[in-house]
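Summary of the model geometry
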Amino acid sequence: MTDSHLRQQLVNALTVRQAHQSFDDAIDGFPAAHFNTRPPSLSYSFWHLLEHLRIAQADILDYIQNPDYAHRKFPEDYWIPSDAQADEAAWQHTIARFKADLAALVAIAQDPERDLTAQISHAEPGHSILREILIVSAHNAYHIGEFGILRATLGLW
């Protein structure tokens, strides 16, 4: 496998609908009346789930780039307060920030000057850009799928 092939596969894992639904597919046409709906038996709303995706992805981007990275506490630092509510502006802000951070991760994956398998200098042993991008892609796929299933369960397609 060539370096460029590996980089393209990482970009695809982050952005292309392959074996999972894409972020854009999951949120397309989502009804504003349900931004704050909590599916039965869950403590979070659809917007909370999107914010969780955004926060986790932003955290890993920070981990890759920031030599002064500070670890967050799980789960409290990865979820917004349960009483937080979104209007259209908050919903769109979450989406825009998620997409901006995703674009930054894609740029990192595509940058031939970055060694994807090298130890991140300020990270824990064994943590590389490759590892972190694989974590983001798996986490995003998991929760985007969850979003889609919850949306289907409530008949919100």
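Throughout what follows, the structure given in this document is the object of discussion.

Reading the values: rules and limits
- Residues numbered from 1 in each chain as written.
- Predicted model: local features only at pLDDT ≥ 70, side-chain atom pairs only at ≥ 80, totals over all residues.
- Heavy atoms only, no water.
- Helix = DSSP H or I, 4+ residues; strand = E, 2+ residues; numbered from the N terminus.
- Buried < 20%, exposed > 50% of the residue type's maximum accessible area, 1.4 Å probe, protein only.
- Contact = heavy atoms within 4.5 Å.
- Phe/Tyr/Trp six-rings, centres within 6.5 Å; stacked < 30°, edge-to-face > 60°.
- Lys NZ or Arg CZ within 6 Å of the ring centre and 35° of its normal.
- Salt bridge = Lys/Arg side-chain N within 4 Å of Asp/Glu carboxyl O.

1. Concerning the side chain of R54
Along the chain, R54 turns up in helix α3 (residues 46-65). Judged by relative accessible area, which is 8%, R54 ranks as buried. Setting aside its immediate chain neighbours within four residues, R54 contacts T94, R97 and F98.

2. Observations regarding the packing of aromatic side chains
Overall, the coordinates contain 11 aromatic pairs when judged by the stated rule. The interplanar angle of 50 degrees and the centroid separation of 4.8 Å between the aromatic rings of F30 and F46 together place this pair among those described as tilted. Here F30, found in the loop between α2 (23-27) and α3, pairs with F46, found in helix α3; they are 16 residues apart in sequence, far enough to count as distant. Using a relative accessible area of 8% as the deciding quantity, one classes F30 as buried. By relative accessible area, F46 is classed as buried at 1%. Measuring from ring centre to ring centre gives 5.1 Å for F30 and W91, while their planes differ by 15 degrees; the resulting arrangement is stacked. Of this pair, F30 sits in the loop between α2 and α3 while W91 sits in helix α4 (residues 88-110), and the two are 61 residues apart along the sequence. W91 matches F30 in its accessibility class, with the two residues each being buried. By the ring-pair criterion, three or more aromatic residues cluster together here, those being F30, F35, F46, W91 and F147. One residue, R72, lies across the ring of Y78, its end atom 5.8 Å from the ring centre. If you follow R151 out to its NZ or CZ, it ends over the ring of W157, 4.0 Å from the centre.

3. Focus on unusual backbone geometry
Between F74 and the following residue, P75, the backbone shows a cis peptide bond with an omega angle of 5 degrees. Within the secondary structure layout, P75 lies in the loop between α3 and α4. Of note in this structure, S41 is not a glycine but carries a positive phi near 70 degrees. Turning to its location among the elements, S41 is positioned in the loop between α2 and α3. S41 gets classed as exposed once you look at its relative accessible area, which sits at 82%.

4. Some thoughts on the pattern of salt bridges
On inspection of all chains with the given rule, the structure shows seven salt bridges. Salt-bridge contacts for R72 lead to D59; the nearest nitrogen and oxygen are separated by 3.3 Å. Of this pair, R72 sits in the loop between α3 and α4 while D59 sits in helix α3, and the two are 13 residues apart along the sequence. Since its relative accessible area comes to 38%, R72 is described here as partly exposed. When the shortest N-O distance is used, the salt bridge between D111 and R114 registers 3.8 Å. By relative accessible area, which is 29% here, R114 ends up partly exposed.

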